[in-house]
Amino acid sequence: MARDWSLRPLRRPGMVLLVGLGLTALGHGRIALGQAAEWTTSSYNPQRDAWQRNETKLNRNNAGKIQLLWKLKTDNKTMGMQSFREPLIVSGIHTPGGVKTVAILAGSSNDVFVMDADTGALVWEKKLKWASSQPQEAGEGRGFICTNALSATPVITPAGEKERVLYVLTTDGYLHMLAPETGDEKEAPVQMLGGIYGKPYGLNLVNGVVYTITGQGCGGVANALYAYNTATKKVTVSSPPQGGLWGTAGPAIGTDGTIYFASGDHPYDAKTGQLSTSFQAYTFSNDTLTLKDYYTPSNYKWLTIRDLDINASQVVFPYKGRDLVVGGGKEGRFFLLDSKSIGGADHQTPLFRSELIANANVNFQTEGTWGSFAAWKDRSGTQWVLAPNGGPTTFKFPVNYGPTPNGGILAFKVVDKAGKIVMTPVWQSRDMMTAEAPVVANGLVFALAGGEFTGQANEVEGGLYSAEQRIERSIPAKLYVLDAQTGKELYSSGDQVKSFLHQAGLSVAGGRVIFGTFDGTIYCFGIR
């Protein structure tokens, strides 16, 4: 029976907040023998591959025995459709109750919640203070687009570092550096964005530099790549501003330090660096961000006109001596890019461009790929890529589990075929209502059907749906566990989850699967 902490009062001790951590190794994700598995950044590591390499407790044999271990009802205040970001799971934290593994979730109103990952008991909670000289705005922002909510998943330095620091970017555009043991500010917050309510996405941390991207020009903040160098204390911004950069996992960083993101709708002028509807690669050196390379699909004008943005974070993985990058978006097509030259000499020639896999309806609202990907290697060394997808596919995958009117998870293998590297479809999951980004661990795929109603244009009443209308049309989320080789369903949470979630994925570590929902509840599933 799960422990339900929803009726226990939230404690607000004087010393409160998250654990922190700054990634210093590009290959972050592997831990020393004997250390507990952790989840320290959005999509697990800087490459955003969502592959939990250190999971040993959950496997194919016991996946069907997964159960709800605990849930905690918080007083998190929602903003628009936002509630929580992706959890962090961190071990070895010295709390008043002893050394614990804790789950850390950033809430939409600049709150941080830290709980015992074993029991769900709240360890501490803290509201981060407004640091900007600009006044806070009343209300929840502009509809479901600019919600005035905290939208960037925090990051914490990895285990083994001299000092662990939790980095949280609040809605005023300031970066907070917190002590995980107490929640104390380790130094004064730094203004990372140019204004308030800029809608940044998942923080990434490599070699002492914190990165983020922003989307949709909220608060007048330029859509750009932002970098904060913790050594020099300088903030660097890419130029010129771009179309919306809204992959929810934020920028991906390759094993050589190259930073990848994709842009959405915007005027296009390659000569001036305005690269709408494009994949972009940057380098960071001496507090300077420099465009290294880019790839623009040949049909970018059509994609822009139809609002088919490249709106997902890329995933990077090593393959035969170099990094490969996979991306996609609303169009329903996938791209495989070679890090040595992501767009070829003409910047319009990728390593591989798939046929149209989904979104034959040219639907800019609910179909195609959103959020981020996953990538992993099986025991034979075969490289896999997983993608969340909205709506039906254009053909039947070799292995499938019936119609998918709402979408689900798509699985591909990366293989050499006739001298070319391609992505070949393998399996398609059961139908899922608004699939969030999948996570891979120990031969299993963990997937959340978020339950969110993602329609934007109200074709009955005209205009756009309000956040309230979208909330009313959403349904409770469901957790699924699938066999990573076949997509076969091994577990479903059924009706145990009572609310939906919006762009807030799950995290896996130490036999625990943790996520938060719109109604302020944090759930932990796993094996006892």
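Quick caveat: nothing in here was measured; it's all calculated off a predicted structure.

The secondary structure content of the chain amounts to two helices and 34 strands. Taking 528 residues into account, the globule formula puts the C-alpha radius of gyration at 24 Å, and the chain, at 21 Å, falls close to it. Taken along the three principal axes of its C-alpha coordinates, the chain extends 60 × 55 × 50 Å. Buried residues in the chain amount to 64% of all 528 residues. Just so you have it, the chain exposes about 19,100 Å², and 51% of that area is on carbon and sulfur atoms. Averaging the coordinates of the 49 positive side-chain charges in the chain and doing the same for the 45 negative ones gives two points 5 Å apart.

What follows concerns the sheet that holds strand E4 (residues 88-95). An order of E4-E5-E6-E7 is seen for the four strands of this open sheet, with the pairing classed as antiparallel. One side of each edge strand has no neighbouring strand; the edge strands of this open sheet are E4 and strand E7 (122-127). Mean inter-strand twist for the sheet, computed between neighbouring axes without regard to direction, equals 30°. Examined bridge by bridge, E4 and strand E5 (residues 98-106) share six bridges and lie antiparallel to one another. In the strand pairing of E5, Val 90 is matched with Val 102.

Moving on: the sheet that holds strand E24 (residues 374-377). Taken in spatial order, the four strands make up an open sheet running E24-E25-E26-E27, and their pairing is antiparallel. Each end of this open sheet is capped by a strand with a single partner; those strands are E24 and strand E27 (420-428). Sheet twist, expressed as the average angle between the axes of neighbouring strands with direction ignored, equals 30°. Direction of pairing for strand E25 (residues 383-390) relative to strand E26 (residues 407-417): antiparallel, over a ladder of eight bridges. The partner of Val 385 across the bridge, within E26, is Phe 412.

According to the stated counting rule, one finds 16 salt bridges in the structure shown. The partner of Lys 330 in a salt bridge is Asp 309, with the nearest N and O atoms 3.0 Å apart. Placement of Lys 330 in the loop between strand E21 (322-328) and strand E22 (334-338) and of Asp 309 in the loop between helix H1 (300-305) and strand E20 (315-319) is noted, with a sequence separation of 21 residues between them. Taking relative accessible area as the criterion, Lys 330 reaches 4% and is therefore assigned buried. With a shortest N-O distance of 2.7 Å, Glu 452 and Arg 470 are connected by a salt bridge. Of this pair, Glu 452 sits in the loop between strand E29 (444-449) and helix H2 (467-473) while Arg 470 is found in helix H2, placing the two residues 18 residues apart along the sequence. Judged by relative accessible area, which is 4%, Arg 470 ranks as buried. Shared partners join several salt bridges into a network, and the residues in it are Asp 307, Asp 309 and Lys 330.

Inspection of the secondary structure puts Asn 223 in the loop between strand E13 (209-213) and strand E14 (225-229). Look at Asn 223 and you get buried, because its relative accessible area is 10%. Filtering out sequence-adjacent residues up to four positions away, Asn 223 remains in contact with Thr 214, Gly 215, Gln 216, Gly 217, Pro 241, Gln 242, Gly 243, Gly 244 and Leu 245.

Let us look at the packing of aromatic side chains. Tallied over the entire structure, the rule returns 20 aromatic pairs. Measuring from ring centre to ring centre gives 5.6 Å for Trp 130 and Tyr 197, while their planes differ by 45°; the resulting arrangement is tilted. With Trp 130 in the loop between E7 and strand E8 (155-156) and Tyr 197 in the loop between strand E11 (190-191) and strand E12 (204-206), the pair connects residues that are 67 residues apart, well separated along the chain. A residue is classified by how much of its surface remains accessible, and Trp 130, at 22% relative accessible area, is partly exposed. On the numbers, 4.8 Å between centres and 20° between planes, the contact of Phe 500 with Phe 518 is stacked. Of the two residues, Phe 500 is situated in the loop between strand E31 (489-492) and strand E32 (507-509) and Phe 518 in the loop between strand E33 (512-516) and strand E34 (521-526); the sequence distance between them amounts to 18 residues.

Enumeration according to the criterion identifies one disulfide in this entry. Between the sulfur atoms of Cys 146 and its disulfide mate Cys 218 the distance is 2.0 Å. An S-S torsion of about -80° defines the bridge between Cys 146 and Cys 218 as left-handed. Of the two residues, Cys 146 is situated in the loop between E7 and E8 and Cys 218 in the loop between E13 and E14; the sequence distance between them amounts to 72 residues. Taken as a pair, Cys 146 and Cys 218 share a single burial class, namely buried.

With respect to the helices, strands and loops of the structure, Ser 83 is situated in the loop between strand E3 (67-73) and E4. Each C-alpha atom of the pair Ser 83 and Ala 149 lies 8.2 Å from the other, and the pair is 66 residues apart in sequence. At 3.5 Å, the side chain of Ser 83 forms a polar contact with the backbone oxygen of Phe 518.

The next thing to look at is the environment of Asp 75. Relative to the helices and strands, Asp 75 is located in the loop between E3 and E4. A relative accessible area of 38% means that Asp 75 is categorised as partly exposed.

Once that is clear, we can look at the confidence of the model for the chain. Mean pLDDT for the chain: 91, with 93% of residues reaching 70 or above. Note on residues 1-33: pLDDT under 50 across the span, and 138 contacts to partners over four residues away in sequence or across chains.

Leu 386, Trp 427, Phe 446, Leu 506, Phe 515 and Phe 525 are the most contacted members of the largest nonpolar core, which has 57 residues in total. With six residues, E29 is the largest single contributor of residues to this core. In this structure, Val 315, Leu 324, Phe 334 and Leu 336 belong to the second largest nonpolar core, which totals 21 residues.

Our focus in this paragraph is unusual backbone geometry. A cis amide bond links Ser 239 with the next residue in sequence, Pro 240, at an omega value of 0°. Its location among the elements puts Pro 240 in the loop between strand E15 (234-237) and strand E16 (252-253). One non-glycine residue, Lys 233, adopts positive backbone phi at about 65°. Among the structural elements, Lys 233 can be located in the loop between E14 and E15. Under the relative-accessibility criterion, Lys 233 is labelled partly exposed at 44%. The backbone of Asp 307 shows a phi angle near 60°, a positive value even though the residue is not glycine. Along the polypeptide, Asp 307 turns up in the loop between H1 and E20.

So, how was this worked out
Counting restarts for each chain: residues are numbered from 1 in the order of the written sequence. Reporting of local features is limited, given that this is a predicted model, to residues whose pLDDT is at least 70; pairs of side-chain atoms are given and counted only at 80 or more, and all residues count toward the totals for whole chains, interfaces and linings. Processing note: side-chain calculations cover all non-hydrogen atoms of the structure and skip hydrogens and water entirely. Put simply, DSSP marks the helices as runs of H or I at least four residues long and the strands as runs of E at least two long, and each gets a number from the N terminus on. Every radius of gyration here is taken over C-alpha atoms, with the globule rule written as 2.2 Å times N^0.38, N being the number of residues. Each residue's exposure class comes from its accessible area (1.4 Å probe, protein chains only) as a fraction of the maximum for that residue type: buried when under 20%, exposed when over 50%, partly exposed otherwise. Only the protein chains shown count as cover for residues, and the accessible areas themselves come from Shrake-Rupley with a 1.4 Å probe. His is not counted here, nor are the chain ends, while Lys and Arg score as positive and Asp and Glu score as negative. Charge placement uses NZ in Lys and CZ in Arg. For Asp and Glu, CG and CD serve respectively. Between any two strands, at least two bridges found by DSSP are needed for them to pair. Fitted lines through C-alpha atoms serve as axes, helices being fitted only where they are in contact, and the angles separating the N-to-C directions of these axes extend from 0 to 180 degrees. In the sections that follow, a salt bridge refers to a side-chain nitrogen of Lys or Arg positioned within 4 Å of a carboxyl oxygen of Asp or Glu. Residues count as neighbours in contact if any of their non-hydrogen atoms are within 4.5 Å of one another. Here is the rule: rings of Phe, Tyr and Trp (six-membered ring for Trp) pair when centre to centre is within 6.5 Å. Planes less than 30 degrees apart are stacked, more than 60 are edge-to-face, and the remainder are tilted. The criterion for a disulfide is a pair of cysteine sulfur atoms lying within 2.5 Å. Two N or O atoms count as a polar contact when they lie within 3.5 Å, although within protein this holds only if one can serve as hydrogen donor and the other as acceptor, and sequence-adjacent residues are included solely when both atoms are side-chain atoms. A residue's pLDDT is the confidence the predictor assigns to it, expressed on a 0 to 100 scale. Working definition of a nonpolar core: buried Ala, Val, Leu, Ile, Met, Phe, Trp, Tyr and Cys residues. They are joined through side-chain atoms within 4.5 Å.

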